[in-house]
Structures are given as structure tokens and as C-alpha cells.
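Now for the letters of each chain:
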Amino acid sequence: MSAVPPEQPKPVPDVTQNLSDQAIDDPDALDKLARLKVKSLTAARGELVFPCIPSYKDRYLTQINALLVALGQNFTTKEKQALANIVGKHLEEGFAKSPYARLVFRYMPPTPTVGLTKGLNINVNSEVPSIEDKYQRWVDTREGSLFGSHADAKVIEVVESIAASDPAKCPIMDIGAGNGRNTFPLAKLGYPVDAIELAPVFVEQMQKIATAEGLNINVIEGNVLDPALKIRPAHYGLIFAAEVIPHFRHINQVELLLARMCDCLRSQGLLLFNLFLTSEGYEPTPMIRELSQVAWSFLVTPAELDAALQKLPLEIIANQSVYDYEKQHLPEKAWPPTNWFPSWSRGRDLFPTDRQPPVSLRWLLCRRT
Ligand SMILES: C[S@@+](CC[C@H](N)C(=O)[O-])C[C@H]1O[C@@H](n2cnc3c(N)ncnc32)[C@H](O)[C@@H]1O
């Protein structure tokens, strides 16, 4: 898409042709011509990158239009509409495919040597990394432990509460096990652990360590929500999902996960998960709900959680702040698990503030009745 602004002063005449003897010495007119000359020598190129959040379309367009005006490009109404359509299409399609999608708006001179009087070429596109791509990038670019050097204190407390006389007979499932920060300590206590994980990079890492250390860990690559992924019914004494639901996109997925896990638990088995719960009385707008997915903080309201749990044979045993619990119970040297954890778990990644927003990560512990 390219555009030449319609209301530009006439281009600098080709001085080799149609020369007139008519004098021009009006200072304002000369000043205007000088500015036009400078504009013809000024080039602009660059890009704006926006998260694909469909609700933010109008704000993005306002920013883009302001930039174009600042660069002396006055688009026609028709051109603005065409731009709005293509931006809207990329935002919708990108967001539908991945919450990590980005809209890329690029502008550049039509040819390398011309300035702003010749218009700008515009290119609108999207980049759509998957969750697997994102974690591969974490592994490639981040130093230190990605999710923490210790197991979650809550996971350990729940396992200790089971106090299985023979851990080998109490299988555990770790959903979205990541690089195995919880899986390995439990396997070392003698529990057989099935670790389901979406990202191949973590599957490979866990498999390598499990084999090298001879641990009873079955690493299963796949999406826990995929019906094709076979999970043994009525088998596990404990199933847990730590920091996984914040990746979800829709409450139906939470319902599906809880229902599946319920099927796989033994009678009296325990289900532990954490998720971002909104405070009572706060109703996130559609815009905030979309943003929460982009910010790795998918929001669930208490009413939505109640409705999801009501249909299932589960009783809630505990509902606790993850930040408070982990800060109090993790060994001092293991706190905070990562530098982003304190703000993320208190909803301050989603709403960048030093005050407490009406959302936070909660541990939910349930027993299958
Ligand atoms: C923030 S990490 C947490 C890893 C680990 N649970 C921990 O606490 O250290 C979330 C993990 O969940 C995995 N994950 C997200 N959605 C998943 C799904 N639908 N099925 C399986 N794994 C999933 C991601 O690939 C990632 O490894």
C-alpha cells in the first residue's frame, strides 16, 4: 500500500524546462519553496509494532494517522479506510491465532533516494509466534532458572499432606511441567510422575534429565486440552497445573481442563492449580480480557470459576494468594522464584502499577468427592 499525499504544494519544478522570466522575490513564497525543498530531501522509514489486540484497533489507527501527519502525509478518507481495514484484519487474524501475535506497520520511501514529497510506501503485516516459539526463545535468550530454582512451596505442601505410605503407588500428573522444576523433586521422593508439556524444547530437556538420573518420569509431549491426548482415567492421587491456566484463551478451556482432570483423579484425589482470579465486584471489560491473554495473565472471575466447578465432583479445600503463600513458605534463597514473579503474580504485569489491581494469581486446591 503506498500513498502520495493529495494536498501537497506543487512539486519543485524541473528547472531545466518551461523556465519563466517572471521574478519571484516574495519572502513568504520563497520560504515556502525552501521548506518544500527541505521536505524533498527528508526521508523517513521505520516501523510500529503493536500487540494484536482487536479492541485496540481505533487507538492504533489514531497513533498511525498522527505519525503520518507528523511526516507530512495527508491520507485521503479512502486511503485511511483501506488502512483501517487491513489493520483490523491483521489484528483479528493475529489475535485468533496467538495472543503473542504482533501487528507490524512499516513505512519507507517509495525508492531509496526520494524524500517525503513523493509519499511513503506503507506495509502492514503480522508476526504470529506460538507459545512453543515463545518458550524456545526464552531458552535461547534468558539466563538462569526460567520459572524458579525450587519446586512451588504449595506443590510440596500438598504432596506432604498426601503422605503416601508407598509413593510408588500414588501417581502424580504435572500439567504444563515446563522444565520440570516441580516434576523432578516429586520423582525424587519416589512418586511416578507423568509430565505433560506443550513446548518441545522443555520436553527434550526433561527427557534428557529423567533418563540420565533414572527417574520414574513419563514425559508426554502435547496439549492437555487436545482430546487426542490419552490420559488414564481414575488413576492419579494428585494432579496439578502451576502457571498454566494463565496461558488459556477462553473459560471453556478452563472448564475442559477441570473436567478432564476430574476424570483422571482417583476418588479423594487432589487437584491443585493456579489462575488469575478477579476480585469480587470487578468485571473486566472485553478490552482488558483481550489484554490479559496477551500479558500471560488470562482472567477468570469468581462467578466463572464457581460455574466451572459446580458441574464437577470437586470440593474446594483452599483458595490462597500464590504470592503470599510462596513468599511465606519458599526457602529464603528461593524467593522470589524469578524477577518477574512478584509483579506478575499480583496482576501488576497486566496493570503496571505499584498499587494492588483487582486481579491476582490464586492457588486452588480441590478434592475429588
Ligand atoms: C509458565 S510455564 C510453568 C512451567 C511449570 N509448570 C512451572 O511452574 O515451573 C507454563 C508451561 O505450561 C505449558 N503449557 C501451556 N499451555 C499448555 C497446554 N495447553 N498443554 C500443555 N502444556 C501447556 C507451557 O509450554 C509452559 O511450559
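### What to know about the overall build of the protein
Reasoning step 1: In terms of regular secondary structure, the protein is built from 12 helices and 12 strands.
Reasoning step 2: Taken over C-alpha atoms, the radius of gyration comes to 28 Å for the protein, far larger than the 21 Å a tight globule of 369 residues would show.
Reasoning step 3: Taken over the C-alpha atoms alone, the protein extends approximately 105 × 50 × 40 Å along its principal axes.
Reasoning step 4: Burial status across the protein gives 48% buried among its 369 residues.

### What to know about the pairing of strand β5 (residues 172–175)
Reasoning step 1: Side chains I172 and D174 project from β5 onto one buried face, and the interleaved M173 and I175 project onto a second face that is buried too.
Reasoning step 2: Pairing analysis gives four bridges linking β5 to strand β6 (residues 193–197), with the strands arranged parallel. When the sheet's bridge partners are listed, I172 is paired in β6 with V193.
Reasoning step 3: Once you follow β5 into helix α6 (residues 183–188) and on to β6, the crossover reads as right-handed.
Reasoning step 4: Looking at chain direction, β5 and strand β8 (residues 236–241) are connected through four bridges and run parallel. Paired with I175 across the bridge in β8 is A241.

### Side note on the domain arrangement of the protein
Reasoning step 1: Taken domain by domain, the protein comprises domain 1 (2–13 + 24–129) and domain 2 (132–368).
Reasoning step 2: Just the C-alpha atoms count here: the centres of domain 1 and domain 2 sit 44 Å apart.
Reasoning step 3: In this complex, domain 1 contributes 16 residues to the contact, which on the side of domain 2 involves 11 residues.
Reasoning step 4: With both chains or domains summed, domain 1 and domain 2 bury close to 1,200 Å², and 61% of this area falls on carbon and sulfur atoms.
Reasoning step 5: Sorting the residues of domain 1 by area buried against domain 2 places F95, P99 and Y100 first, and these three jointly supply 47% of that buried surface.
Reasoning step 6: The interface formed by domain 1 and domain 2 holds zero salt bridges in total.
Reasoning step 7: Our enumeration of links across domain 1 and domain 2 arrives at three residue pairs in polar contact (both at pLDDT 80 or more).

### A closer look at the site of the ligand
Reasoning step 1: Every one of the 19 residues lining the ligand counts as a neighbour, but G176, R181, E197, N223 and A242 are closest to it.
Reasoning step 2: Between a nitrogen atom of the ligand and a main-chain N or O atom of G176, the distance comes to 2.7 Å.
Reasoning step 3: The separation between an oxygen atom of the ligand and a polar side-chain atom of E197 is 2.5 Å.
Reasoning step 4: Calculation on the ligand without its partners gives an accessible area of 600 Å², and the protein chains cover 97% of this total.

### Some thoughts on the side chain of T301
Reasoning step 1: As for its placement among the helices and strands, T301 is situated in the loop between β10 (299–300) and α10 (302–310).
Reasoning step 2: For T301, a relative accessible area of 6% gives the class buried.
Reasoning step 3: Those residues in contact with T301 that lie beyond four places of it in its chain are L277, T278, E283, P284 and R289.

### Here's the deal with the environment of L189
Reasoning step 1: Considering the arrangement of structural elements, one finds L189 in the loop between α6 and β6.
Reasoning step 2: On a C-alpha basis, the gap between L189 and A168 in space is 9.1 Å, while along the polypeptide they are 21 residues apart.
Reasoning step 3: Ignoring anything within four residues of it in the chain, the contact list for L189 reads V159 and P167.

### Overview of unusual backbone geometry
Reasoning step 1: Along the chain, W335 connects to P336 via a cis peptide bond; the corresponding omega equals -10°.
Reasoning step 2: With a phi angle near 45°, A234 is a residue other than glycine that sits in the positive phi range.
Reasoning step 3: In this fold, A234 is placed in the loop between β7 (217–221) and β8.
Reasoning step 4: Even without a glycine there, the phi angle at E243 is positive, about 65°.

### A closer look at the layout of surface pockets
Reasoning step 1: Taken as a whole, the largest pocket spans an internal volume of roughly 890 Å³.
Reasoning step 2: For the largest pocket, the lining is made up of 44 residues, of which Y100, I131, Y135, H247 and W296 are closest to its centre.
Reasoning step 3: Only α4 (131–141), β5 and β6 provide two or more residues apiece to the lining of the largest pocket.
Reasoning step 4: Considering each element in turn, the lining of the largest pocket owes the most residues, six residues, to α4.

### A short note on the pattern of salt bridges
Reasoning step 1: Tallied over the full model, the rule gives 13 salt bridges.
Reasoning step 2: The partner of E157 in a salt bridge is K154, with the nearest N and O atoms 3.1 Å apart. Of this pair, E157 and K154 both sit in helix α5 (residues 153–162), separated by three residues, roughly a single helical turn.
Reasoning step 3: Given the relative accessible area of 32%, E157 is considered partly exposed.
Reasoning step 4: A salt bridge links K311 to E255; the nearest nitrogen and oxygen atoms lie 3.5 Å apart. Linking K311 in the loop between α10 and β11 (314–321) with E255 in helix α8 (residues 251–264), this pair joins segments that are 56 residues apart in sequence.

Each value, and the rule that gives it
Residues numbered from 1 in each chain as written. Predicted model: local features only at pLDDT ≥ 70, side-chain atom pairs only at ≥ 80, totals over all residues. Heavy atoms only, no water. Helix = DSSP H or I, 4+ residues; strand = E, 2+ residues; numbered from the N terminus. Rg over C-alpha atoms; globule rule 2.2 N^0.38 Å. Buried < 20%, exposed > 50% of the residue type's maximum accessible area, 1.4 Å probe, protein only. Pairing = 2+ DSSP bridges. Right-handed = clockwise from strand over helix to strand, strands pointing away. Domains from an automatic or database assignment. Contact = heavy atoms within 4.5 Å. Buried area = accessible area lost by both parts, 1.4 Å probe. Salt bridge = Lys/Arg side-chain N within 4 Å of Asp/Glu carboxyl O. Polar contact = N/O pair within 3.5 Å; in protein donor to acceptor, adjacent residues only side chain to side chain. Near = heavy atom within 4 Å. Areas by Shrake-Rupley, 256 points an atom, 1.4 Å probe, with all protein chains shown as cover. 1 Å grid on protein atoms, 1.4 Å probe; cavity = no way out; pocket = protein on both sides within 12 Å on 5 of 7 lines; lining within 4 Å. Points joined across faces, edges and corners; volume = space filled by probe spheres on them.

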